[in-house]
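The lines below spell out each chain.
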Amino acid sequence: GIGEETARTLTELADFNIVGLLDGYKESGEIYGFPIISLSDVVSMGVGLIVVSARPGSCRAIADRIGEFCKDNNIQYWLAYGTLLGAVRHKGFIPWDDDIDIGMTADDYERFMQVAPAALKKGYTLCWPGNEPHTPFYFAKVRKDGTRFVEEVTEGLDMHHGIYVDIFPLNK
């Protein structure tokens, strides 16, 4: 994408042979002087390394949508785990963290799970073991459709692999 993280990453990787950039919305054109290439192009070229540089902004967009939904439905939530640590210690994201973690009480989590699937805006999918039997996770993830982020633990599994925000049920 054309975000601040992409510009910073391109500067840091100036010594690499960059063949092109993937974009979640376009499969052709140009960004920062590099061609936009499709995932199928990446596969056919045998690219050995893919650097993901726009995750924080993408995760923030998902978290913003979850926040709007929770406020509209009177569901309390808070930052959790690495996201909370990053907010306090780094005043933002932990540089090596790849997602956002949100916690809710078990009761609010149950309400979220009942109402969110039909209420999430187009472009987002609530994934959990009940609708995604191959997931290795016990908690829900809100994933952005049209994106792809395959974790080592989920590689090869038949499931949604979009960029995500984790949602955890937590006891008081």
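Residues numbered from 1 in each chain as written. Predicted model: local features only at pLDDT ≥ 70, side-chain atom pairs only at ≥ 80, totals over all residues. Heavy atoms only, no water.

(A) Looking closely at the overall build of the chain. A count of helices and strands for the chain gives five helices and seven strands. Within the chain, contacts between residues at least 6 apart in sequence are counted, and of these 51% link residues at least 24 apart. Taken as a whole, the chain presents about 10300 Å² of accessible surface, with 54% of it coming from carbon and sulfur. (Helix = DSSP H or I, 4+ residues; strand = E, 2+ residues; numbered from the N terminus. Contact = heavy atoms within 4.5 Å. Areas by Shrake-Rupley, 256 points an atom, 1.4 Å probe, with all protein chains shown as cover.)

(B) View of unusual backbone geometry. Despite not being glycine, Asn-74 has its phi angle at roughly 55 degrees, a positive value. Within the fold, Asn-74 resides in the loop between helix 3 (55-72) and strand 3 (78-79). The exposure class assigned to Asn-74 is exposed, which follows from its relative accessible area of 63%. (Buried < 20%, exposed > 50% of the residue type's maximum accessible area, 1.4 Å probe, protein only.)

(C) Region of the structure containing the pattern of salt bridges. Under the criterion given, the structure shown has three salt bridges. Among the salt bridges present, the one from Lys-141 reaches Asp-166, with a minimum N-O distance of 2.6 Å. Highlighted residues: Lys-141 in strand 6 (residues 140-144) and Asp-166 in strand 7 (residues 164-170), separated in sequence by 25 residues. (Salt bridge = Lys/Arg side-chain N within 4 Å of Asp/Glu carboxyl O.)

(D) Examining the side chain of Arg-65 more closely. Along the chain, the position of Arg-65 falls in helix 3. A relative accessible area of 9% places Arg-65 in the buried class. Apart from the residues within four sequence positions on either side, Arg-65 is in contact with Ala-119, Leu-120, Lys-121 and Tyr-124.

(E) Expanded view of the pairing of strand 4 (residues 100-105). Burial within strand 4 is extensive, with six of its six residues counted as buried. Residues Ile-100, Ile-102 and Met-104 line one face of strand 4 and the alternating positions Asp-101, Gly-103 and Thr-105 line the opposite face, and both faces are buried. Where strand 3 and strand 4 come together, two bridges link them in antiparallel fashion. By the bridge assignment for strand 4, Trp-78 is matched with Gly-103. (Pairing = 2+ DSSP bridges.)

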